[in-house]
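Listed here are the chains, written in short residue letters.
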Amino acid sequence: MKKHVNIPVFVPHLGCPNDCVFCDQRQISGHRSFDIDDARKEIEEILSVVPSDAEKEIAFFGGSFTGIDRELLLSLCALGKEYKDKGGVSSLRCSTRPDYVNGEILDTLISYGFATVELGVQSTDDSVLSVCRRGHTAKITENACRLIKEKGLRLGGQMMIGLPGSSEESEKRTARFICEMGADEARVYPTVVFPKTELFHMCGRGEYEPLSVEEAAERTADVLEIFEEAGVKVIRVGLCESEGLRRASAGPAVPDMGERAMSVLFLRRAFEALSSLDAEGKDCEIWVGSGKTSKMCGHKRENIRKIQEKFKPKTVKVIEKTYIIGYNIKVKVFIKK
């Protein structure tokens, strides 16, 4: 399978007059102004170091792409098409808000070779959207999702965990909604607090309490399970270093949030399997898919410690098997001769 490489072009906040309580897009992207020549330089720099046989895609992120000034939008679309036409990249994608999606703008994207539109769903709870000052309703999100799919584009759904007013149940409903809308992929972002945002001030006034790393991992694991069951690929969990994670002042601002959430799922599967087995004093093997050992073991081998404390096996060994996929596991307990 070819390696997939996204070439990100950040368009900071230029297309969005709205100020959601959690957002300072200029800080998140690390950009405070935009120059299309700089975008070209960034694309060239990344193309110069990625493997020639990799599947490359230009991704316009960091703002509400379809809401930016029309002239700049078309210039960026033309820039992406230029690289696609000469074979430098295989496809184009962008991220945008639900209220900046209509038939005309999607037709424009298609004419320039865009294949994927990622939609900032964040939540489908209207009360959460209101508290967060999103400026649109869940119905508008639903209409945008349907239109994207009707136009034959791939749909990506971005959602957040731990928003003001949200709950585990509202987050699960959002994940199910993204699946029901026919999303091809998803991103999950536990909420972190950036300085100078309204959310930062809400924390100071005692109106919002960020999730801990452990709480965020548990709640993220809940929605990862929903996406897995629906066959929707989760392509990112949590902000990465290049998205300004170090600037966060509060919340679950760890770079390995995805790993931690997946570890929660693996521990749940292990507990479920071991609950029907007598593991005390016996040797225990947990079979997982390729590359899943660290996720099964958990952060600082926390999962292994919890298994030992609860089920008291003599030993616990994690073994990778190529035929096991996803979060599936197989557990064996026995006494070594």
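Thresholds, definitions, all that
- Sequence order sets the numbering: in each chain, residues are counted from 1 along the sequence as written.
- Local features are withheld for residues below a pLDDT of 70 in this predicted model, meaning they are given only at 70 or higher, and side-chain atom pairs are given and counted only at 80 or more; totals for whole chains, interfaces and linings count all residues.
- Hydrogens and water are ignored here; the side-chain numbers use all heavy atoms of the structure.
- Comment: elements are numbered from the N terminus, with helices defined as DSSP H or I runs of at least four residues and strands as E runs of at least two.
- We compute the radius of gyration from the C-alpha atoms alone; for a globule the expected value is 2.2 Å times N to the 0.38, where N is the number of residues.
- Should any heavy atoms of two residues lie within 4.5 Å, those residues are counted as being in contact.
- Note on areas: Shrake-Rupley with a 1.4 Å probe; residue coverage comes only from the protein chains shown.
- The classification of residues rests on relative accessible area computed with a 1.4 Å probe and restricted to protein chains. Under 20% of the type maximum is buried, over 50% is exposed, and intermediate values are partly exposed.
- By the convention used here, strands pair only if DSSP detects at least 2 bridges between them.
- Definition used in this section: a nonpolar core is a set of buried Ala, Val, Leu, Ile, Met, Phe, Trp, Tyr and Cys residues joined via side-chain atoms within 4.5 Å.
- For helices, the fitted line uses only the C-alpha atoms of the stretch in contact; every axis is such a line through C-alpha atoms, and the angle between N-to-C directions lies from 0 to 180 degrees.
- Here, a salt bridge means any Lys or Arg side-chain nitrogen found within 4 Å of an Asp or Glu carboxyl oxygen.
- To estimate how far a helix should reach, multiply one less than its number of residues by 1.5 Å.
- Starting at the helix axis, one direction is taken to each C-beta atom, and the arc is that of these directions.

A. Looking closely at the overall build of the protein chain. When helices and strands are counted, the protein chain shows twelve helices and ten strands. Here the C-alpha radius of gyration of the protein chain, 22 Å, is about what a compact globule of 337 residues would show, namely 20 Å. In terms of principal-axis extent, the alpha carbons of the protein chain reach across some 75 × 50 × 35 Å. A separation of at least 24 residues holds for 81% of the contacts in the protein chain among residues at least 6 apart in sequence. As displayed, the protein chain has an accessible area near 15800 Å², and 48% of this comes from carbon and sulfur atoms.

B. How the structure looks around the pairing of strand β6 (residues 185–190). Of all six residues in β6, six are buried; the element is thus mostly enclosed. The side-chain alternation of β6 yields two buried faces, one formed by E185, R187 and Y189 and the other by A186, V188 and P190. Of the strand pairs in this sheet, strand β5 (residues 154–161) and β6 are connected by six bridges, and their pairing is parallel. Note that in β6 the partner of Q158 across the bridge is R187. In this sheet, strand β7 (residues 233–237) lies alongside β6 in parallel orientation, the contact comprising four bridges.

C. Seen up close, the environment of A261. Mapping A261 onto the fold places it in helix α10 (residues 257–274). Beyond its immediate stretch of four places on either side in the chain, A261 contacts A217, T220, A221 and L224.

D. A look at the environment of V234. Inspection of the secondary structure puts V234 in strand β7. When the C-alpha positions of V234 and G156 are compared, they lie 9.4 Å apart, and in sequence the two are 78 residues distant. Excluding residues within four positions of it along the chain, V234 makes contact with A186, V188, L224 and F227.

E. How the structure looks around unusual backbone geometry. A positive phi angle, near 65°, is found at Q122, a position not held by glycine. By secondary structure assignment, the location of Q122 is in strand β4 (residues 114–122).

F. Layout of the nonpolar core. By size, the foremost hydrophobic cluster in this structure holds 75 residues, and its most contacted members are I58, F65, F227, I286, M296 and I307. Beyond its immediate stretch of four places on either side in the chain, I286 contacts A270, M296, I307, V316, K317, V318, I319, I329, K330 and V331. Counting residues in hydrophobic clusters, the runner-up holds 17 residues, among them F22, V128, M160 and V192.

G. Broad picture of the sheet that holds strand β3 (residues 91–96). Pairing is parallel across the open sheet formed by seven strands, whose spatial order is β1-β2-β3-β4-β5-β6-β7. Edge strands, defined here as strands with exactly one partner in the open sheet, are β1 (4–10) and β7. If you compare each strand with its neighbour and ignore which way they point, the axes differ by 25° on average. Where helix α2 (residues 36–47) meets the sheet, it contacts β1 and β2 (55–61), and its direction lies at approximately 160° from that of β1.

H. Here's a closer look at the pattern of salt bridges. Scanning the model with the defined rule gives 32 salt bridges in all. When the shortest N-O distance is used, the salt bridge between E104 and R70 registers 2.8 Å. Taken together, the residues E104 in helix α4 (residues 103–111) and R70 in helix α3 (residues 70–85) connect sequence positions 34 residues apart. Relative accessible area serves as the criterion here: at 44%, E104 is assigned to the partly exposed category. Linking K139 and E142 is a salt bridge whose minimum nitrogen-to-oxygen distance equals 3.8 Å. Of this pair, K139 and E142 both sit in helix α6 (residues 138–150), three residues apart, roughly one helical turn.

I. Highlighting the environment of I304. Note that I304 resides in helix α12 (residues 302–311). A sequence separation of 163 residues divides I304 from T141, and the C-alpha atoms of the two residues are 41 Å apart. Excluding residues that lie within four positions of it along the chain, I304 makes contacts with C297, V316 and V318.

J. Structural view of the sheet that holds strand β10 (residues 330–334). Spatially, the three strands line up as an open sheet ordered β9-β8-β10, and their pairing is mixed. Of all the strands in the sheet, the pair left with one neighbour each is β9 (315–320) and β10. Strand after strand, the sheet turns through a mean of 20° between neighbouring axes, direction not considered. Here strand β8 (residues 283–288) runs beside β10; their pairing, made up of five bridges, is antiparallel. Across the sheet, the residue bridging to W287 is K330, located in β10.

K. Inspection of α6 at higher detail. With 13 residues, α6 should reach 18 Å at 1.5 Å per residue; the first-to-last C-alpha distance of 18 Å fits that figure. Burial in α6 covers these residues: A138, T141, A144, C145 and I148. Buried residues along α6 cover an arc of 115° about the axis, so they all sit on one side. Structurally, α6 contributes buried residues whose contacts are with α4, β4, α5 (126–131), β5 and α7 (168–180). Immediately beyond the C-terminal end of α6, within one or two residues, lies G152, with a positive phi of roughly 85°.

L. View of the pairing of β5. Burial of β5 is extensive: seven of the eight residues sit out of reach of the surface. Judged from the six bridges that link them, β4 and β5 form a sheet pairing that is parallel. Bridge pairing in β5 places E118 opposite G156.

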